[in-house]
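Report on the structure
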Amino acid sequence: MTRLLFFISIIVMCASCGSGGSGNFKDSTTTLIITDTCAVIFHPAGDKLTYLKNTFNKNSFAAMEQSNNAALVADSAYLAKLGVKIISTSKLKLKFHKKNGEDVDINLMHEKYAWEVFLFDSYNDPVKADITDIETAVQEAGIR
């Protein structure tokens, strides 16, 4: 069952990325730059995942990781159903470039971040969604 859920999550995320040359983001070596309305889904990997494993109880980490990944899969499916462009990343630095020229930088290595969804309408600051209540976050962010 876990493998099936993981496989489905990969398919959903790959199918919903929709970044193919549309110019909605620039993927540099260290920072993901986002300029258009979208949802950015962060999956910790590498140093960030190691940090989280060392921070949380090792005995319960696998269950927590599985639960958070399942929530992100459900969030991705909900956002895709709404037609929201989805960018999935493990990059640790995000730069949201608003239409007025201002940038909002987020360093995901900070301890307050783990598995995350950021909703961005390209006019306002990105909204960090509660991954267990994506519907409310979508309303707060005003993207549809």
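Quantities reported herein were computed from a predicted structural model and do not represent experimental measurements. (Residues numbered from 1 in each chain as written. Predicted model: local features only at pLDDT ≥ 70, side-chain atom pairs only at ≥ 80, totals over all residues. Heavy atoms only, no water.)

Points about the overall build of the chain
Formally: Secondary structure elements are defined from DSSP: runs of H or I of at least 4 residues count as helices, runs of E of at least 2 residues count as strands, and each element is numbered from the N terminus. The cut-offs for exposure are 20% and 50% of the maximum accessible area for each residue type, with area from a 1.4 Å probe on protein chains only; residues under the lower value are buried, those over the upper are exposed, and the others partly exposed. In this description, contact between two residues means that some pair of their heavy atoms is separated by no more than 4.5 Å. For accessible areas, the Shrake-Rupley method is used with a probe of radius 1.4 Å. Any residue's cover is judged against the shown protein chains and nothing else.
Check the secondary structure of the chain and you find 4 helices and 8 strands. Listing every helix and strand of the chain by position from the N terminus yields α-β-β-β-α-α-β-β-β-β-β-α. Looking at the chain residue by residue over its 144 residues, the buried ones come to 38%. Looking at the chain alone, contacts between residues at least 24 apart form 64% of all its contacts between residues at least 6 apart. With an accessible surface of roughly 8000 Å², the chain has 53% of that area assigned to carbon and sulfur atoms.

A closer look at the confidence of the model for the chain
Spelled out, the test is: pLDDT is a per-residue confidence score from the predictor, ranging from 0 to 100.
Mean pLDDT over the chain: 83, with 79% of residues reaching 70 or higher. Taken as a whole, residues 1-28 scores under 50 in pLDDT and shows 39 contacts with residues more than four places along the chain or in a different chain.

A word on the packing of aromatic side chains
Quick note on the threshold: For this analysis, a ring pair means two rings from Phe, Tyr or Trp (six-membered ring only for Trp) whose centres lie within 6.5 Å, classed as stacked if their planes differ by under 30 degrees, edge-to-face if by over 60, and tilted for the remaining angles.
Counting across every chain of the model gives 4 aromatic pairs. Arranged with centres 6.1 Å apart and planes meeting at 40°, the rings of phenylalanine 61 and tryptophan 115 form a pair that is tilted. Residue phenylalanine 61 is found in helix α3 (residues 58-82), and its partner tryptophan 115 is found in the loop between β6 (103-107) and β7 (116-120); the two are separated by 54 residues along the sequence. Given the relative accessible area of 5%, phenylalanine 61 is considered buried.

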